[in-house]
Amino acid sequence: MTIPGLFKEYIWLIETINRYGKITFAELNELWKRKEESTGVEFSRTTFNRHRDAILDMFGLIIECDRRDGYRYYIYNKEVLGEDSVQNWLFSTLSVSNMLDENVALHNRILLESIPSGDNKLQMIIKAMRENRRMMMTYHRYDADTASSYSVAPYCVKLFRRRWYVLVTLNSSHHRHSKKLNGESFAIYSLDRIASIELLDTKFKVDSEFDATAFFNDCFGVVVGDGSKPIRIVLRAFGMEPHYMRDLPLHNSQKEIKTSADHTDFEFYMRPTSDFKGYVMSKGEWLQIVSPSWLAKEIQQWHQAAIDRYKNDPK
């Protein structure tokens, strides 16, 4: 069995058990034999158990057997499939890849969104993270005439809106927007603005109290060092926007607090960072800041500036 073939079997097992809720080993085998890849050959118990172990290692999913319910198998921790984790991202990616592979004849009717891989920079950063090695990074900001080089310690990588970012510790003077944690200055950089990376022999030690999820918990996206503090924010959504927000929450703190005939109010507890403000602006008339009033006024002024720009355009 090839590695891609094994991945396909893992994904098929997860999706099938999840779809049925609970299923016996015999029922699984009947469904498997209908697939072209099976060539009519059943799963052996040994293969099935080996796959269960691999699925646990790769995706963190526990496939249990309910002996009191006809020895039927089920996913014990289905909530993992809804988490923002590397394992779930990997599962989703492989699942889509598997589906596309099975429907290659429809390739010109299945349109995907490109996510830059960061060339080999992402691979080098992950290698540096794995080996706890500092990097010499040359970075060119959009508003700078020339690139600058820094020695940094990579702590984590984050994918946000089709761009990869790396969170590093560095001397605070290197970056105008940094965030302090236990005396360390953290800053974030987009991989597409990194000109070059060189792995150094110098080692660094990751702060034992660092938690990547907690670090970004009160952020909308990747802006971490603008000095803003977490506050209560109420957003009013109009038209179809409430449905979109229910299906794809903007932040883990999102709560629906009031619904009327023409709008719905959502409450958040997070930092009003520039990427959050930009998102609200991008939604135009469909999103309105209700509170705090100073933030609503700021967004209003931004909208007015945009209107004035259109008015002053001679064309």
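Residues numbered from 1 in each chain as written. Predicted model: local features only at pLDDT ≥ 70, side-chain atom pairs only at ≥ 80, totals over all residues. Heavy atoms only, no water.

1. Quick notes on unusual backbone geometry
Piece 1. Of note, the bond from Ser291 into Pro292 is cis; its omega dihedral lies within 30 degrees of zero at 0 degrees.
Piece 2. Within the secondary structure, Pro292 sits in the loop between strand 13 (287-291) and helix 9 (293-312).
Piece 3. Even without glycine at this site, Asn132 takes up a positive phi of about 50 degrees.
Piece 4. You will see that Arg161, though not glycine, has its phi angle at about 50 degrees, which is positive.
Piece 5. The residue Arg161 is located in the loop between strand 5 (148-160) and strand 6 (163-169) in this model. (Helix = DSSP H or I, 4+ residues; strand = E, 2+ residues; numbered from the N terminus.)

2. Some details on the packing of aromatic side chains
Piece 1. One pass over the full model with this rule turns up 17 aromatic pairs.
Piece 2. Measuring from centroid to centroid gives 5.6 Å for Phe220 and Phe276, while their planes differ by 65 degrees, and the two rings are edge-to-face. A residue pair is termed long-range when its members are at least 10 positions apart, and Phe220 in the loop between helix 6 (212-215) and strand 10 (231-238) and Phe276 in helix 8 (residues 274-282) qualify at 56 residues. Summarising the burial analysis for this pair, Phe220 and Phe276 share the class buried.
Piece 3. Sitting over the face of the ring of Tyr74, Lys22 holds its NZ or CZ atom 5.2 Å from the ring centroid. (Phe/Tyr/Trp six-rings, centres within 6.5 Å; stacked < 30°, edge-to-face > 60°. Buried < 20%, exposed > 50% of the residue type's maximum accessible area, 1.4 Å probe, protein only. Lys NZ or Arg CZ within 6 Å of the ring centre and 35° of its normal.)

3. A closer look at the confidence of the model for the protein chain
Reading fine detail from the predicted coordinates is not recommended where pLDDT is low.
Piece 1. Per-residue confidence for the protein chain gives a mean pLDDT of 85, with 83% of residues at or over 70.
Piece 2. Ranking the elements of the protein chain by mean pLDDT puts strand 7 (residues 179-181) last with 59 and strand 10 first with 97. (pLDDT = per-residue confidence, 0-100.)

4. Here's the deal with the sheet that holds strand 10
Piece 1. Taken together, the 4 strands give an open sheet; going across it, the order is 11-12-10-13, and neighbouring strands pair in antiparallel fashion. Each of the sheet's edge strands pairs with one partner strand only, and the pair in question is strand 11 (255-259) and strand 13. Across the sheet, the mean angle from the axis of one strand to that of its neighbour is 30 degrees, orientation sign disregarded.
Piece 2. Relative to strand 12 (residues 263-270), strand 10 runs antiparallel, the two sharing 8 bridges. Its bridge partner lying in strand 12, Val234 is registered against Glu267.
Piece 3. Packed onto the sheet, helix 8 meets strand 10, strand 12 and strand 13 and runs at close to 125 degrees relative to strand 13.
Piece 4. Here helix 9 sits on the sheet in contact with strand 10 and strand 13, set at roughly 150 degrees to strand 13. (Pairing = 2+ DSSP bridges. Axes fitted to C-alpha atoms, helices over the stretch in contact; angles between N-to-C directions. Contact = heavy atoms within 4.5 Å.)

5. Notes on helix 3 (residues 45-59)
Piece 1. Across its 15 residues, helix 3 extends 21 Å between first and last C-alpha, which sits within 8% of the 21 Å expected from 1.5 Å per residue.
Piece 2. Among all positions of helix 3, only Thr47, Phe48, His51, Ala54, Ile55 and Phe59 are buried. Considered in projection along helix 3, the buried side chains sweep an arc of 125 degrees and stay on one side of the axis. The outward face of helix 3, more than 90 degrees from its buried face, is lined by the exposed residues Thr46 and Asp57. (Expected span 1.5 Å × (residues − 1). Arc of directions from axis to C-beta.)

6. Quick notes on the pattern of salt bridges
Oppositely charged side chains can form a pair if their charged atoms are brought close together.
Piece 1. All chains considered together, the criterion is met by 16 salt bridges.
Piece 2. For the salt bridge of Asp201 with Arg133, the shortest nitrogen-to-oxygen distance reads 3.9 Å. Of this pair, Asp201 sits in strand 9 (residues 194-203) while Arg133 sits in strand 4 (residues 133-139), and the two are 68 residues apart along the sequence.
Piece 3. Note on Asp201: relative accessible area 72%, which makes it exposed.
Piece 4. In this structure Arg133 comes out as buried when scored by relative accessible area, which is 16%.
Piece 5. A single salt-bridge network, built from bridges that share partners, covers Lys22, Asp66, Asp69 and Arg72. (Salt bridge = Lys/Arg side-chain N within 4 Å of Asp/Glu carboxyl O.)

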